[in-house]
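Remarks on the overall topology
Spelled out, the chains give:
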Amino acid sequence: MNEYQKIYDAIIEGDEEAALQEAEALLTQAVAPMDIINYGLIAAMDEIGRLYKEEEIFIPEMMMSAQAVTEVINMLKPHMPSGSGSRGSVVIGTVEGDIHDIGKNLVALLLYSNGYAVHDLGNNVAPEDFVAAAGQYDADVVALSALLTTTMENMEHTIEAFSSAGLRDRVKIIIGGAPVTQEYADEIHADGYSENAQEAVELVTALLGEDK
Ligand code: B12
């Protein structure tokens, strides 16, 4: 049994209390918060997705596991570096029609920890709300998340809304989420795509330049 097995099992069971306790225990053993997230939480969510697809579990179970993951991430937040907000302004949200927000929250957290000012619009965000927020926060980057093949097209609609508002050249738009690919990013003329939250930080850094 590896050190992440207990927290993995607790997430699969949707047992928030046990998951929080185990996260505390791992922190006292000096395990890095990002390792707990990657090897405990994300690994368990992948398995939850598989179990749901195989109809071994249903939406209520998936919701309990998601809730446990969210609470553990909230608990880990203060144990991660807090950023200066000086490296650039990022507006982030999950696109319209989609309420999945765990991955988006992780991207927001890592960007914040790495020095970016992050303005999180939440989930189910309409294209015009992304455009308005980008203006309000003078965004350098707009980051779009989608977890459903049916809502991915709202990434394209959001990019179109920036073009219609005459703001497309003012911001870099990046996209991500489990069904999203580099090919799709190219197809809808996004400025970038990354597979996970750590790479999202590298992507934003590359797009804005180190001196930003
Ligand atoms: C948890 C979950 C839920 C929870 C969400 C709770 C929440 N607060 O987010 C609940 C129970 C609400 C839910 C609901 C539904 N879900 Co759901 N859900 C999942 C599940 C199991 C895990 C998602 C997750 O959190 N993964 C962990 C995070 C960390 O990973 P991630 O989101 O991919 O993010 C990482 C990267 O993608 C990337 N990233 C993410 N965003 C961004 C953005 C940028 C800019 C960048 C650069 C990178 C990036 O970085 C992240 C960290 O590394 C997935 C299965 C799966 N394997 O994805 C199904 C899944 C996404 N759901 C699915 C479905 C069908 C649904 C429902 C339609 C079910 C229904 N019939 O009602 C509803 C949709 C509701 C809606 N309108 O949005 C399907 C989608 C199928 C498809 N092809 O479209 C999946 C794949 C399950 C399956 N195998 O069938 N779901």
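Let me begin by describing the structure that accompanies this report.

Here is what the cut-offs are and how they apply
Residues numbered from 1 in each chain as written. Predicted model: local features only at pLDDT ≥ 70, side-chain atom pairs only at ≥ 80, totals over all residues. Heavy atoms only, no water. Phe/Tyr/Trp six-rings, centres within 6.5 Å; stacked < 30°, edge-to-face > 60°. Helix = DSSP H or I, 4+ residues; strand = E, 2+ residues; numbered from the N terminus. Pairing = 2+ DSSP bridges. Donors = N, O, S within 2.8 Å, 3.2 Å for Na, K, Ca; no water. Near = heavy atom within 4 Å. Polar contact = N/O pair within 3.5 Å; in protein donor to acceptor, adjacent residues only side chain to side chain. Nonpolar A, V, L, I, M, F, W, Y, C, P; charged D, E, K, R; others polar. Domains from an automatic or database assignment.

**Some thoughts on the packing of aromatic side chains**
Per the counting criterion, the structure on display carries one aromatic pair. Taking 5.4 Å as the distance between ring centres and 45 degrees as the angle between the ring planes, the aromatic pair formed by Tyr4 and Tyr39 counts as tilted. Here Tyr4, found in the segment before helix 1 (5-13), pairs with Tyr39, found in helix 3 (residues 33-53); they are 35 residues apart in sequence, far enough to count as distant.

**Digging into the pairing of strand 2 (residues 117-120)**
Here strand 1 (residues 89-94) runs beside strand 2; their pairing, made up of four bridges, is parallel. Residue Ile92 lies in a different strand from strand 2, and its bridge partner there is Asp120.

**Focus: the coordination of the cobalt atom of the ligand**
No other protein atom reaches the cobalt atom of the ligand as a donor apart from His100 (NE2), found 2.3 Å away. Structurally, His100 is set in the loop between strand 1 and helix 5 (102-113).

**Points about the site of the ligand**
The full set close to the ligand counts 36 residues, and Ile99, His100, Asp101, Ser145 and Thr149 are the nearest of them. In the environment of the ligand, an oxygen atom lies 2.7 Å from a nitrogen or oxygen atom belonging to the backbone of Ile99. At 2.7 Å from a nitrogen atom of the ligand is found a side-chain nitrogen or oxygen belonging to Asp101. Considering every element that reaches the shell around the ligand, the biggest residue donor is helix 3, with seven residues. Residues belonging to the shell around the ligand are distributed by class as follows: 21 nonpolar, ten polar and five charged. Each of domain 1 (5-79) and domain 2 (89-208) accounts for three or more of the residues forming the shell around the ligand.

Purely geometric numbers; function is a separate question.
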